[in-house]
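Now for the letters of each chain:
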Amino acid sequence: MRILITGGAGFIGSHLCDYFLEKNCEVICMDNLLTGRADNVARHFGHPKFSFVHYDVTNYIHVDGPLDFILHFASPASPPDFERLGIRILKVGALGTHKVLGLARVKQAKYLLASTSEVYGDPQVHPQHEDYWGNVNPIGIRGVYDEAKRFAESMTMAYHRLHGIDTRIVRIFNTYGERMRLDDGRAIPNFISQALAGEDLTVYGDGSQTRSIGYVADLVDGIHRLMQSSLNVPVNIGNPVELTMKELAEKIIALTGSKSRIAFRPLPADDPKQRLPDISRARRELGWEPQVSAEEGLKRTIAWFAKAR
Ligand code: UDP
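Rules and cut-offs
- Residue positions are counted from 1 within each chain, in the order its sequence is given.
- Restriction of local features to residues with pLDDT of at least 70 applies here, the model being predicted, together with a cutoff of 80 or more for giving and counting side-chain atom pairs; totals for whole chains, interfaces and linings are based on all residues.
- Note that the side-chain values use all heavy atoms of the structure and ignore hydrogens as well as water.
- Strands are runs of DSSP state E lasting at least two residues, helices are runs of H or I lasting at least four, and both sets are numbered from the N terminus onward.
- Only the six-membered ring of Trp is used, alongside the rings of Phe and Tyr, when aromatic pairs are assigned; centres must lie within 6.5 Å, and planes under 30 degrees apart are stacked while those over 60 apart are edge-to-face, with the rest tilted.
- When a residue's accessible area, from a 1.4 Å probe over protein chains only, is under 20% of the maximum for its type it is buried; when over 50% it is exposed; and in between it is partly exposed.
- Helix span, as expected, comes to 1.5 Å for every residue beyond the first.
- The directions considered for the arc are those from the helix axis to the C-beta atoms.
- We call two residues in contact when some of their heavy atoms are within 4.5 Å.

A few words on unusual backbone geometry. Across the junction of histidine 126 and proline 127, the peptide omega takes the value -10 degrees, indicating a cis bond. Structurally, proline 127 is set in the loop between β5 (110-116) and α4 (143-163). Residue asparagine 24 is not a glycine yet carries a positive backbone phi of 70 degrees. Of note, asparagine 24 is situated in the loop between α1 (11-22) and β2 (26-31). Even without glycine at this site, aspartate 270 takes up a positive phi of about 60 degrees. By the secondary structure assignment, aspartate 270 is in the loop between β13 (262-265) and α8 (280-286).

What follows is the structure, encoded as structure tokens:
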């Protein structure tokens, strides 16, 4: 297989590069390095089946030769980026998705969109199943990401219906692991960096808001299963264990053995109060189930952060 991975130098993209190179595929990693880092894929430079293209997919994309699959992962995805990079996020979700789908059409390649649990916004249905349409504030601070991904899903389905492209949509819930940016600003990198430095862990609001945390290797396995399936409808991939952000902070303090304490900070606007995937579709259709517990995944991630910082 010859695969193009947009956003291939990002956190999740780089794990996909590793995975498919190990499976003996040819991998073209395309990234403009806005939030991705060449370091994430540097060990593959010189690999005969790996190439890196420094490119912004909001522009017309040309790739030499055939492509079997395109994995469209290009986009900043951390809430602090929503304020800093709002227009870039809207452009890559809209213009970038259009260009990537155009390329899939020319190459007659299969295509998978990295979507997100953010399409559900601040959900009024709990847990979130794929048929829920969401509760999104289009003009809010998170709207740039939520609406970009919602548009990307619509565009993907339009190309599927009108041009017969064989498409997949994965709705990715909170995922963590090695190679997250230390200064990414999301809960897990913040908490681990703070715990390792002996600083207070900044829990926003009263910490009662919930998420579930999925380890990156489980996500990659789910994505591979989805690629092998023939499902054109969206599929949630995330961990089915819900925890509050205060519990998450306490867990990270315990696992790092840190003397840090929790400091409460203001809750950002539109921060979803509850989030938990209903993964019945992934279980039923893909035979997928996360394998790595939060303790195990966090231990591995903490070990990586301890070395990287
Ligand atoms: N959060 C927190 N402290 C931090 C960073 C995030 O309490 O230092 C909270 C944030 O308000 C949200 C949850 O943790 O309720 C998860 O945030 P994250 O940025 O990881 O991703 P989100 O799920 O909001 O997209």
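From this point, things continue past the structure.
As enumerated under the stated definition, the model contains 8 aromatic pairs in all. Taken together, a centroid distance of 5.1 Å and an interplanar angle of 80 degrees make the contact between tyrosine 19 and phenylalanine 20 edge-to-face. In this structure tyrosine 19 comes out as partly exposed when scored by relative accessible area, which is 21%. Between the aromatic rings of phenylalanine 82 and tyrosine 145, the centroid separation amounts to 4.8 Å while the plane-to-plane angle is 20 degrees, which identifies the pairing as stacked. Taken together, the residues phenylalanine 82 in helix α2 (residues 79-84) and tyrosine 145 in helix α4 connect sequence positions 63 residues apart. Judged by its relative accessible area of 4%, phenylalanine 82 is buried. Through a chain of ring-to-ring contacts, the aromatic side chains of Phe45, Phe50 and Phe52 assemble into a single cluster.

Moving on: helix α7 (residues 245-256). The first and last C-alpha atoms of α7 sit 16 Å apart over 12 residues, in line with the 16 Å expected at 1.5 Å per residue. Where α7 is concerned, the buried positions are Met245, Leu248, Ala249, Ile252 and Ile253. Down the axis of α7, the sector holding all buried residues measures 135 degrees, keeping them to one side. Taken together, the buried residues of α7 touch α5 (187-197), β8 (201-204), β9 (210-211), β12 (243-244), β13 and α9 (294-308). Of the residues flanking the end of α7, it is glycine 257, one or two places downstream, whose phi is positive at about 65 degrees.

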